[in-house]
Every structure is written in structure tokens, then in C-alpha cells.
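Results of the structural survey
One letter stands for each residue in the lines below.
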Amino acid sequence: MKTKNVLKLFLTAGLLFGVSTLFAKEKVYKLKLATTWGPTLSPLIDSAKNMAQMAKTMSNGRLIIKVDASNKHKSPLGILDMVKGGQYDMGHSASYYWKGKDINTLPFTSMPFGLTAPEQYAWFYYGGGLELMQKVYEKHGVYSFPGGSTGVQMGGWFRKEIKNLDDLSGIKMRIPGFAGEIMAKLGVQVTNIAPGELYTALDRNNIDALEWVGPSMDVKMGFHKIAPFYYTGWHEPASEMQFLVNQKVFRKLPKDLREILRVSMRLAAYDMYAQNYDMNAIAWDKMKKEFPNIQVKTFPKPIMDAMKAANKTLRQEMSSKSKLLKEVLDHQDAYMKKVREWSKMSDYLYLQDNI
Ligand code: CA
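Residues numbered from 1 in each chain as written. Predicted model: local features only at pLDDT ≥ 70, side-chain atom pairs only at ≥ 80, totals over all residues. Heavy atoms only, no water.

Some words on the nonpolar core
M51, L63, I65, M90, F243 and L261 are the most contacted members of the largest nonpolar core, which has 48 residues in total. Core analysis: the second largest hydrophobic core is formed by 27 residues, L106, M183, A209 and F299 among them. (Core = buried A, V, L, I, M, F, W, Y, C linked by side-chain atoms within 4.5 Å. Buried < 20%, exposed > 50% of the residue type's maximum accessible area, 1.4 Å probe, protein only.)

And the structure:
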């Protein structure tokens with residue numbers, strides 16, 4: 001009888017121990033992520049969704065990230081605040097949206113005449129860029145990671161050809177952010193219009209030009225049907241999205257899940273760049289077949305020179321107000337000098353002989 005009881009006790013203890021280890025092992029961590037994007041805005045929304053799917057699969061269901069599009073939380077430009085304040089654990093957005101709150105966040109998306117996507121990824125992951133980004137975001141209590149690149153964005157759709165600075169002066173253009181400030185210095189009347197109203201504004205001559213992204217995302221907007229001059233890019237050569245993670249939330253995750261999250265974000269970022277490259281190729285092929293009158297143009301040199309001069313002045317003005325911004329911009333410049341030599345002798349010269 002006694003032996004039986006002892007055996008029973010052992011069995012029960014063993015069972016309890018087993019069950020508790022099982023539970024400890026299978027604790028599920030559920031995080032909520034808010035994006036700036038609408039539910040169907042490919043490829044931007046896909047980056048967040050892919051990341052969540054990878055984290056779920058790699059963690060065997062222990063890390064579940066629920067992605068909320070902007071129609072859910074109704075605050076597309078409030079992502080940093082929501083992650084900072086803890087309403088959301090994570091975010092997917094673009095760093096330059098917070099430049100009004102913290103100017104130091106500006107250079108982590110893309111700078112006019114700055115790094116290209118491969119150069120910028122090299123800077124982030126191997127050249128010290130990621131460390132600088134964490135330094136800037138530290139005071140907000142969030143970690144920031146690259147979240148997918150659009151690559152070079154096009155300079156925009158124009159109803160009329162721009163041959164000189166006079167043609168640019170006085171035209172009304174939708175071009176937000178820092179690039180808009182540069183255009184304003186060249187005499188452009190810069191306006192910001194909600195994305196849903198852009199086509200009508202262009203169609204009704206309320207604006208003469210606008211920039212959006214590139215063929216992959218412009219094709220659905222239909223601008224090519226009414227503004228045939230498509231200018232090449234200068235202002236957003238590598239717009240990088242970002243993942244934000246509340247620091248307290250990140251630190252509470254077990255070590256393996258932190259690594260799974262980090263790897264999922266990194267892979268989703270690269271993947272969006274590849275996805276968007278493919279989408280651009282397909283969309284451009286379709287556009288030029290359907291609308292053969294589209295003309296791809298590059299701004300003439302005097303305009304480019306004026307843009308570069310305005311860019312320089314504006315950067316100096318901003319840098320004089322923030323030491324940290326100056327540190328980031330100088331770091332990017334120094335890196336670009338080095339990496340551009342390689343870009344020139346590799347992709348650039350290769351393409352020159354093979355186009
Ligand atoms: Ca843009």
C-alpha cells in the first residue's frame with residue numbers, strides 16, 4: 001500500500017512537472033503592430049504581414065503578431081506615439097514622418113541625393129547606421145529597425161515638360177517633406193493633398209505635378225493617364241520603411257523570441273525591396289504598353305544643380321540646430337563617399353555597357 005502511494009506521488013509529481021514544463025515552454029507571446037498603411041497597400045503592408053508570418057512559423061506559434069492597418073487604428077501618422085505610449089507593441093511606418101517631432105529621425109528613410117538601397121543596407125547593417133538609429137530612438141523608448149525599401153522613387157508626374165528653371169517656377173506640385181522644401185526654394189508652389197484626392201486634383205488642374213512612389217505603386221493611381229512626363233528620381237533614392245518595437249516589450253521576450261523577431265524583421269525588409277523591384281518591372285511594362293506617349297525624363301542639369309544647392313543650404317540650416325542630426329548626416333556622407341566608389345565600378349559601369 002505504502003509503495004503504491006509513493007509511486008502514485010511520484011507519478012503525480014512527474015506529471016505536474018511535465019505539464020508545467022510543457023506550459024512554460026509553450027507560453028504564447030501576443031504582440032500588436034500598427035501600420036501607417038491601408039490594408040491593401042502593397043508592398044508596404046506586405047512587409048509587416050510577412051514579418052508576422054515568419055515570426056509565427058519560426059517560433060512554432062509562440063510569437064503571434066497581429067497587424068492592424070490604418071483603417072483599424074485611424075492614426076496612420078501616429079505610429080511612433082502609439083508604440084512609445086504602449087497602445088501598440090510594434091509599428092511599421094517610415095522614420096521621416098516624425099521629423100516634425102524629432103528632426104533627428106529624418107535621415108533614416110532616405111535623403112535627397114543620398115545612398116541607394118544596397119548602399120543604405122550596407123550602411124545600416126555593417127556601416128554603423130543601425131547603431132546611430134538606435135541612438136536617435138533611445139529617448140523615445142523604442143527600437144527602430146529597417147522595414148523594407150522602395151528603392152529609387154521616381155521624381156514625379158508632370159503635365160508639361162520641364163526644360164528649365166523658369167518652367168518649374170510657379171507650378172503647383174504635391175511633394176511632401178524635405179524634398180518639398182527643396183522644391184519650394186526653386187519657386188515651386190508646394191502643396192500637400194490626401195492620397196485619395198490626388199488624381200482628381202491633377203485631372204482638374206488644381207496641381208500641375210505630383211510625386212508618389214514609382215511604377216509599382218503609381219500604376220493603380222492612374223496618374224500616367226493624364227500627366228505624360230515621368231521624371232526620374234533624385235529626392236528619395238532608397239526610402240526605407242521602419243519597424244518600431246517598444247523597448248520594454250522587446251526586453252520582456254525570451255531570448256530566442258527576440259532573435260526570431262529580429263531575424264523576421266530583417267528578412268521582411270530585404271524581401272520588400274525584392275518584391276517592389278519585381279512589382280516595378282511589371283507595372284512599368286504594363287504602363288508603357290497601354291500608354292506609349294509616356295516620356296521618361298531627367299531634370300536638366302541646371303535644375304539638378306539648383307536642387308543640390310538648395311539641399312546643401314537646407315541641410316546646413318537643420319544641422320546647425322541639432323548636433324545629433326549633424327552626426328548622422330556626416331556619418332552618412334562619409335559612408336557614401338566610400339561606398340559610391342564601389343557602386344560606380346560595379347553596378348554603374350556594368351549597366352552602362354549592358355543597356
Ligand atoms: Ca514619395
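Picking up where we left off.
A look at the sheet that holds strand β11 (residues 295-297)
With mixed pairing, the six strands of this open sheet are ordered in space as β7-β6-β8-β5-β9-β11. Only two strands of the sheet have a single neighbouring strand rather than two, namely β7 (189-191) and β11. (Pairing = 2+ DSSP bridges. Helix = DSSP H or I, 4+ residues; strand = E, 2+ residues; numbered from the N terminus.)

Observations regarding the coordination of the calcium ion
Those donors, Q153 (OE1), E211 (OE), E211 (OE), W212 (O) and E236 (OE), are the protein atoms that reach the calcium ion, and they lie 2.3 to 2.7 Å from it. The sequence pattern formed by the donor residues of the calcium ion is Q-x57-E-W-x23-E. Highlighted residues: Q153 in the loop between β4 (142-149) and β5 (156-158) and E211 in the loop between β8 (209-210) and α10 (215-218), separated in sequence by 58 residues. Taken as a pair, Q153 and E211 share a single burial class, namely buried. (Donors = N, O, S within 2.8 Å, 3.2 Å for Na, K, Ca; no water.)

A short note on the pattern of salt bridges
Scanning the entire structure with this criterion turns up 17 salt bridges. D256 is paired through a salt bridge with R62; the nearest N and O atoms lie 2.9 Å apart. Of this pair, D256 sits in helix α12 (residues 255-290) while R62 sits in the loop between α2 (44-58) and β2 (63-68), placing them 194 residues apart in sequence. For the salt bridge of E290 with K286, the shortest nitrogen-to-oxygen distance reads 3.3 Å. In this pair, E290 and K286 both sit in helix α12, four residues apart, roughly one turn of the helix. In this structure E290 comes out as partly exposed when scored by relative accessible area, which is 46%. Each of K66, D68 and K72 takes part in salt bridges that share partners, so that together they form one network. (Salt bridge = Lys/Arg side-chain N within 4 Å of Asp/Glu carboxyl O.)

With respect to helix α5 (residues 117-125)
Along an α-helix, residues three or four apart share an orientation, since each turn contains 3.6 residues. Of all nine residues in α5, seven are buried, a share of seventy percent or more. All of the buried residues in α5 are A117, E119, Q120, Y121, W123, F124 and Y125.

Let's talk about the side chain of E119
Checked against the element boundaries, E119 lands in helix α5. Of the residues examined, E119 reaches a relative accessible area of 2% and is grouped as buried. At a separation of 2.5 Å, a polar atom in the side chain of E119 contacts the side chain of S343. Sequence-distant contacts of E119, defined by excluding residues within four places in its chain, comprise Y335, V339, R340 and S343. (Polar contact = N/O pair within 3.5 Å; in protein donor to acceptor, adjacent residues only side chain to side chain. Contact = heavy atoms within 4.5 Å.)

Quick notes on the domain arrangement of the chain
Considered domain by domain, the chain is made up of domain 1 (5-149 + 238-278) and domain 2 (156-235 + 293-321). On a C-alpha basis, the centres of domain 1 and domain 2 stand 32 Å from each other. Roughly 1100 Å² is buried in total at the junction of domain 1 and domain 2, and carbon and sulfur atoms are behind 68% of that figure. Contact with domain 2 buries area across many residues of domain 1, yet K99, P112 and F113 alone supply 53% of it, more than any other trio. At the junction of domain 1 with domain 2, the criterion picks out one salt bridge. In this structure, K99 and E181 form a salt bridge, with 2.9 Å as the shortest nitrogen-oxygen distance. On the surface where domain 1 and domain 2 come into contact, there are three residue pairs in polar contact (both at pLDDT 80 or more). (Domains from an automatic or database assignment. Buried area = accessible area lost by both parts, 1.4 Å probe.)

Quick word on the pairing of strand β3 (residues 90-94)
Extensive coverage of β3 is indicated by the burial of five of its five residues. Of the two faces of β3, the one carrying M90, H92 and A94 and the one carrying G91 and S93 are both buried. The sheet contact formed by β3 and strand β10 (residues 240-246) spans five bridges and is antiparallel. Bridge pairing in β10 links A94 to M241.

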